[in-house]
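# Geometric and topological summary
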Amino acid sequence: MNAIKLGLVSGLALGMSALGATTATSQSLPDPDETAQGDVAVTIYNNNLALVQDVRQINIERGRSRVEFPDVSATIQPQTLSFFAPNTSIIEQNFDFDLLTPAKMMEKAIGQTVTLLRTNPATGRETRERAKVLSTAGGVVVQIGDRIEVLRDDGLPVRVIFDRVPPNLRARPTLSVNLNSTRSGTRPVSIRYLTGGLGWNADYVALYNEQTDSIDMQGWVTLTNNTGTTFNQAKTLLVAGNPNNRGNRGRAGGNRNLIQPGTETAAREQLGDFYLYPISGRTTIANAQTKQVSFLDVQSVPARKIYERTVGWLSNDRSPVNVSSAISFSTSRDQGLGDALPSGTVRFYQRDNQGTPQFIGENNIGHTPMGSELSLRTGDAFDIFVQAEIEKREEITSSEWERTARFRVLEDGETTRQVEVERPKKYYRTTMRYTLTNAKSSSIDVDLTQSGLYRGYWSNDYRVVSEDITGEQINYDRRKWIVPVPANGKRVVRVTYETRY
């Protein structure tokens, strides 16, 4: 038998041969996209999970036999395997995931004897020694006769020749099944399994036009394959959603950039509660590859830039703070993107004076139904600041508190709990001063929000006694003002609160 020489990642040159073999033959490299797979369909979910369905034409003998399926995913979940072949039942299945690599061959050779082939750099003379492999932890330790040696990774010309391929090592991830068939002959054999290592997410490129208050947006599916296997000419379907699977409970993070969830149904096929995004035609998903496919291309969608800052309760800024810059738009059918958006990253660009698009910021979105309102923060505004300060704070009497009852923003609802000891009743009057500055050559509006107003059931009866601009109560905890700030100028806004905290 001729030897096959391999390269070792630790710096050694490896070969494997039958006993007494001294020559090697070369083998032509296979087509990198060629696999033993049949008609393959891959359904990929967002949570690093995929369903692989593979139909192969296989000759099965009558009675008991063993059939191997190379080129399955190296990250297969074997317990999810479903097998079907006419007139055939499955007895046992095995998944061989140890791949044939130099490091694995050395590991499997522990306790076995190999041949070391050394070459003298000066003379070119080759010497052979039989060695027993003792360990591969942190390096290869061998016993040669009565001495112990460590094969150093120093570039010296040393090769290891194996007598045989260790059992259970495969050149490719392989699934083997023991079958019982009532007839012999070739027939379609279908396997279906779940695997990790395949995932996708959406990437969006948005070009913002400040003159027309609009965006042009493209959506890309970014597909990654880290399964150790190439899926050749596969029918590919992407599912926007997170189904439960073992440790994953199917819950995505909150969509914090979602201002108002939509109520429109997108014109896409649905599977249960998930949207489907098929890739047209068949595509090869190569191992260790990132692939992008376009799924959205919309121009002139109405959008607007928003400047905003949220201030915590009793914030007292020592220096002014930049406001955030955000871009708001809709996914509605009318005046919007007109589609449901899978979770992903939105990257915004804007043209400079020469007309060249420049990057201005990015943000993430969760799964977003059609008809939603989104506001995505892109960064801090260079020219616009807000400084929040406590201008005055004093304790007031209960009679003063009662005189401002008509200014109540929120009133207590039903009693939800009974307490025996009441919190000591103290009342405070606080005046906050918000100073907004604008170094831009045009006037702007700033969405200014005061948060931290809700402290629990006992604090619901807080009041806004006076405010320079009429605000909007967003919820128990937040009140918002839209503050116009003149070009190259500033604006001071005062708000007085009466609270029990």
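Residues numbered from 1 in each chain as written. Predicted model: local features only at pLDDT ≥ 70, side-chain atom pairs only at ≥ 80, totals over all residues. Heavy atoms only, no water.

### Notes on the environment of R56
Examined against the element boundaries, R56 turns out to sit in strand β4 (residues 50–60). Taking C-alpha positions, R56 is 6.5 Å from S190, a pair spaced 134 residues apart along the chain. When sequence neighbours within four positions are dropped, the list of residues in contact with R56 reads A36, Q37, G38, F69, P70, D71, V72, R187, P188 and V189. Within the structure, R56 has its side chain in polar contact with the backbone oxygen of A36 (distance 3.2 Å). Engagement of the side chain of R56 in a polar contact is seen with the backbone oxygen of P70, the distance being 2.8 Å. (Helix = DSSP H or I, 4+ residues; strand = E, 2+ residues; numbered from the N terminus. Contact = heavy atoms within 4.5 Å. Polar contact = N/O pair within 3.5 Å; in protein donor to acceptor, adjacent residues only side chain to side chain.)

### Digging into the nonpolar core
One finds I44, F69, Y204, M217, F231 and F329 to be the most contacted residues of the largest nonpolar core, which totals 55 residues. The leading source of residues in this core is strand β15 (residues 198–209), at 6 residues. With 26 residues, the next largest nonpolar core counts V446, W458, V464 and V493 among its residues. (Core = buried A, V, L, I, M, F, W, Y, C linked by side-chain atoms within 4.5 Å. Buried < 20%, exposed > 50% of the residue type's maximum accessible area, 1.4 Å probe, protein only.)

### With respect to the confidence of the model for the chain
When pLDDT is averaged along the chain, the result is 83; 84% of the residues meet or exceed 70. When the criterion is pLDDT under 50, residues 1–29 qualifies, and its contacts beyond four places in sequence or with other chains add up to 55 contacts. (pLDDT = per-residue confidence, 0-100.)

### A word on the packing of aromatic side chains
Following the criterion strictly, the structure yields 11 aromatic pairs and no others. Ring centres 5.7 Å apart and planes at 65° place the aromatic pair Y349 and F359 in the edge-to-face group. With Y349 in strand β23 (residues 344–351) and F359 in strand β24 (residues 357–365), the pair connects residues that are 10 residues apart, well separated along the chain. With a relative accessible area of 46%, F359 lands in the partly exposed category. Clustering of aromatic rings is evident, with ring pairs tying together W200, Y204, Y277 and F295. (Phe/Tyr/Trp six-rings, centres within 6.5 Å; stacked < 30°, edge-to-face > 60°.)

### Some details on the pattern of salt bridges
The tally for this structure, following the rule as stated, stands at 24 salt bridges. We note a salt bridge from R66 to E68, for which the minimum N-O separation is 3.9 Å. Judged by its relative accessible area of 37%, E68 is partly exposed. Linked through salt bridges whose partners overlap, the residues forming this network are R118, E129, R147 and E149. (Salt bridge = Lys/Arg side-chain N within 4 Å of Asp/Glu carboxyl O.)

### Quick word on unusual backbone geometry
Here the phi dihedral of N48 falls at roughly 55°; this positive angle occurs in a residue that is not glycine. Here N48 lies in the loop between β3 (39–44) and β4. Using a relative accessible area of 45% as the deciding quantity, one classes N48 as partly exposed.

### Overview of the side chain of R463
Mapped onto the secondary structure, R463 falls in strand β28 (residues 463–467). The exposure class of R463 is buried, given its relative accessible area of 0%. Polar side-chain contacts of R463 include one of 2.6 Å to the backbone oxygen of W401. At 3.1 Å, the side chain of R463 and the side chain of D461 are in polar contact.

### Examining the side chain of D71
Summarising the element assignment, D71 is placed in the loop between β5 (63–70) and β6 (82–84). On the basis of relative accessible area, D71 is assigned to the buried category, the value being 7%. Of the polar contacts made by the side chain of D71, one reaches the backbone nitrogen of A36; its length is 2.7 Å.

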